[in-house]
2 protein chains.
Amino acid sequence: MQPRIKLWLERDGRIVMSDYRLRLLRLVADTGSLADAAERLDLSYRRAWGKVKELERNLGIPLLRSAPGGPGGGHSEITPEGRDLLDRYAAFQRRAEAAVHTAYDDVFASPAPRRTEA
Amino acid sequence: MQPRIKLWLERDGRIVMSDYRLRLLRLVADTGSLADAAERLDLSYRRAWGKVKELERNLGIPLLRSAPGGPGGGHSEITPEGRDLLDRYAAFQRRAEAAVHTAYDDVFASPAPRRTEA
């Protein structure tokens, strides 16, 4: 048996970050392109763009900054505020997952308690 | 902002317990009736029964035991093995949720670090 966990952050009941959204934004940071990031996650560009805009709206901060396209086309990069959020979320995710595994081990490693029938 | 978490347990890639399934089984324990528990969760009896059977199959242990119906109809109760699993899962859930909140506070309470531009 193993524990599984899904994490996300909300603000006023709206999602402002999740494991999946972190992956999308990290791919933008790595590739410099929202189009490339979308393709790697098998998302349409429109849908990926919509997800980023929704997060920006819910957070009230810009996450991506677009540089004008040169010969190779446009370029997207993470804003400093976005980078701070991604770094923190990644740290939160790591600690939370480790803590959940510890909680699981603590609770499930010990043998079943003897039960006294009433 | 607040952290949200969804937990479950898997065995060989199959779900053997989750927050939702714990709720269903606790309602059976409280009401003594799978039909009543299903109704409270707005599930059909058939679907609730299917969920319990699926868990039992995936776990390899019986979770519910049915007593023959007297004048008031049948009665379901949690087996001792099922009770042990529910108690442990509830403890795991409590610890895991507390740990995730602690991880969140640790990571997000501090102010944003100063960034040195490269």
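Residues numbered from 1 in each chain as written. Chains lettered and ligands numbered in written order. Predicted model: local features only at pLDDT ≥ 70, side-chain atom pairs only at ≥ 80, totals over all residues. Heavy atoms only, no water.

Visitor: Can you break down the interface of chain A and chain B residue by residue, with the values?
Guide: Taken residue by residue, the interface counts 37 residues in chain A and 36 residues in chain B. With both sides pooled, the region where chain A packs onto chain B buries about 3,100 Å², and carbon together with sulfur makes up 65% of that total. Where chain A meets chain B, there are four salt bridges. For glutamate 10 of chain A, the salt bridge goes to arginine 4 of chain B, with nearest N and O atoms at 3.1 Å. Elements represented by at least two residues in the side of chain A that touches chain B include exactly strand E1 (2-11) and helix H4 (80-108) of chain A. Broken down by element, the residue count for the side of chain A that touches chain B peaks at 18 residues, all from H4 of chain A. Here the side of chain A that touches chain B is composed, by residue class, of 23 nonpolar, two polar and 12 charged. (Contact = heavy atoms within 4.5 Å. Buried area = accessible area lost by both parts, 1.4 Å probe. Salt bridge = Lys/Arg side-chain N within 4 Å of Asp/Glu carboxyl O. Helix = DSSP H or I, 4+ residues; strand = E, 2+ residues; numbered from the N terminus. Nonpolar A, V, L, I, M, F, W, Y, C, P; charged D, E, K, R; others polar.)

Visitor: Explain the sheet that holds strand E1 (residues 2-11) of chain B residue by residue, including any values.
Guide: One open sheet holds the four strands; their spatial order is E2(A)-E1(A)-E1(B)-E2(B), and the pairing between them is antiparallel. A strand with exactly one partner marks an edge of an open sheet, and here the two such strands are strand E2 (14-18) of chain A together with strand E2 (14-18) of chain B. Ignoring which end each strand starts from, the neighbouring axes of this sheet average 40° apart. In this structure, E1 of chain A lies alongside E2 of chain A, joined through four bridges in antiparallel fashion. What sits directly across from leucine 9 of chain A, in E2 of chain A, is methionine 17 of chain A. Sitting on the sheet, helix H1 (residues 19-31) of chain B is in contact with E1 and E2 of chain B, with an inclination near 60° to E2 of chain B. Lying over the sheet, helix H3 (residues 45-59) of chain B contacts E1 and E2 of chain B, oriented at roughly 115° with respect to E2 of chain B. (Pairing = 2+ DSSP bridges. Axes fitted to C-alpha atoms, helices over the stretch in contact; angles between N-to-C directions.)

Visitor: Please set out the environment of glutamate 97 of chain A residue by residue, giving values where relevant.
Guide: All names here are of chain A. Looking at the element boundaries, glutamate 97 is found in helix H4. Since its relative accessible area comes to 29%, glutamate 97 is described here as partly exposed. Residues glutamate 97 and leucine 7, 90 residues apart in the sequence, show an inter-C-alpha distance of 9.1 Å. (Buried < 20%, exposed > 50% of the residue type's maximum accessible area, 1.4 Å probe, protein only.)

Visitor: Let's hear about the environment of valine 107 of chain B: which residues, and what values?
Guide: Examined against the element boundaries, valine 107 of chain B turns out to sit in helix H4 (residues 80-108). Excluding anything up to four places from it in sequence, valine 107 of chain B contacts Arg88, Ala91, Phe92 and Arg95 of chain A.

Visitor: Requested: an account of the relation of the copies chain A and chain B, with residues and values cited.
Guide: Superposition record for chain A on chain B: RMSD 0.0 Å, screw rotation 180°, translation along axis 0.0 Å. The two molecules are tied by a two-fold rotation axis, judged by turn and shift. For chain A, the residue whose C-alpha comes nearest the rotation axis is lysine 6 of chain A, separated from it by 2.5 Å. Taken as a fraction of all interface residues of chain A, those also at the interface in chain B reach 97%, which identifies the copy contact as same-surface. (Least-squares fit on C-alpha atoms with pLDDT ≥ 70 in both.)

Visitor: If you had to explain the environment of leucine 64 of chain A to someone new, which residues and values would you point to?
Guide: Residues and elements named next belong to chain A. Its place among the elements puts leucine 64 in strand E3 (residues 64-70). Leucine 64 gets classed as buried once you look at its relative accessible area, which sits at 16%. Sequence separation of leucine 64 and glycine 82 is 18 residues, and the distance between their C-alpha atoms is 7.2 Å. Setting aside anything within four residues of it in sequence, one finds leucine 64 in contact with Leu25, Val28, Leu34, Val52, Glu56, Glu77, Ile78 and Thr79.

Visitor: Account for the pattern of salt bridges, with residues named and values stated.
Guide: Tallying each qualifying case throughout the model produces 12 salt bridges over all chains. When the shortest N-O distance is used, the salt bridge between arginine 88 of chain A and aspartate 84 of chain A registers 3.1 Å. Of this pair, arginine 88 of chain A and aspartate 84 of chain A both sit in helix H4, four residues apart, roughly one helical turn. Here aspartate 84 of chain A falls in the buried class, since its relative accessible area comes to 16%. Residue lysine 53 of chain B is joined to glutamate 56 of chain B by a salt bridge in which the shortest nitrogen-to-oxygen separation is 3.0 Å. You can see lysine 53 of chain B and its partner glutamate 56 of chain B sitting in helix H3, three residues apart, about one turn around the helix. Accessibility expressed as a relative area gives 31% for lysine 53 of chain B, which makes it partly exposed. For glutamate 56 of chain B, a relative accessible area of 11% gives the class buried.

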